[in-house]
Amino acid sequence: MDARLDYAGNPVGARIVKHVVSASRAAHDSALPAATRELVQLRASQINGCAVCVDQHAKDAAHAGETSVRLSLVAAWREATVFTEAERAALELTEQGTRIADGAGGVTDEAWAEAARHYDEEQLTALVSLIAVMNAWNRLNVITRQPAGDYRPGQWG
């Protein structure tokens, strides 16, 4: 499969990608736990059907020491016992924030309150921003049909 567009290979795409990468770095450089970041990125990518992002974040998480059991259970996290309460709150916020069109009213007050119970304001800001940026990456990649499977951990920074 070939990508429809190399958005990093033209001046407009390169400028846009530069800013999305910058936003991604800001979230990654926050106090949000690394494991939570990877779980959130993986779950948003699963929901959006972004194969290249699922490939990247599953491999990066495994490379960073995440277990195969937890990675396998991200898609069914509600029934899994391997996630902390804080991670579960982040995954719920991710699902509701990613599936905005599917839910009347978007993110519920209950989901927000649960996330706010586990994360301070800086971490919560990073979490919300990471969800938004991940959804942007997913859309860029799905629309342009970026191929998956060849990613090597750390390849993109």
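Attention here is on the structure that accompanies the text. Not measured: the values here are computed from a predicted model.

## Regarding the nonpolar core
Among the nonpolar cores identified, the biggest contains 13 residues, and Leu 32, Val 40, Leu 93, Tyr 119, Leu 124 and Leu 127 are the most heavily contacted of them. Listed by contribution, the elements that provide at least two residues to this core are α5 (85-98) and α7 (121-143). In terms of residues, this core owes the most to one element, α7, which gives 5 residues. Dropping the residues within four chain positions of it, Tyr 119 is found in contact with Leu 32, Pro 33, Thr 36, Ala 86, Glu 87, Ala 90, Leu 124 and Leu 127. The next biggest cluster of nonpolar side chains, apart from the first, holds 10 residues, and it includes Val 17, Cys 50, Val 52 and Cys 53.

## Things to note about the environment of Glu 114
Tracing the chain through its elements places Glu 114 in helix α6 (residues 109-118). With sequence-adjacent residues up to four places away left out, Glu 114 is seen in contact with Glu 85 and Ala 89. Within polar-contact distance, the side chain of Glu 114 engages the side chain of His 118 at 3.0 Å.

## Thoughts on unusual backbone geometry
With phi around 50 degrees, Arg 145 is a residue other than glycine that occupies positive phi space. For Arg 145, the location among the structural elements is in the segment after α7.

Rules and cut-offs
Residues numbered from 1 in each chain as written. Predicted model: local features only at pLDDT ≥ 70, side-chain atom pairs only at ≥ 80, totals over all residues. Heavy atoms only, no water. Core = buried A, V, L, I, M, F, W, Y, C linked by side-chain atoms within 4.5 Å. Buried < 20%, exposed > 50% of the residue type's maximum accessible area, 1.4 Å probe, protein only. Helix = DSSP H or I, 4+ residues; strand = E, 2+ residues; numbered from the N terminus. Contact = heavy atoms within 4.5 Å. Polar contact = N/O pair within 3.5 Å; in protein donor to acceptor, adjacent residues only side chain to side chain.

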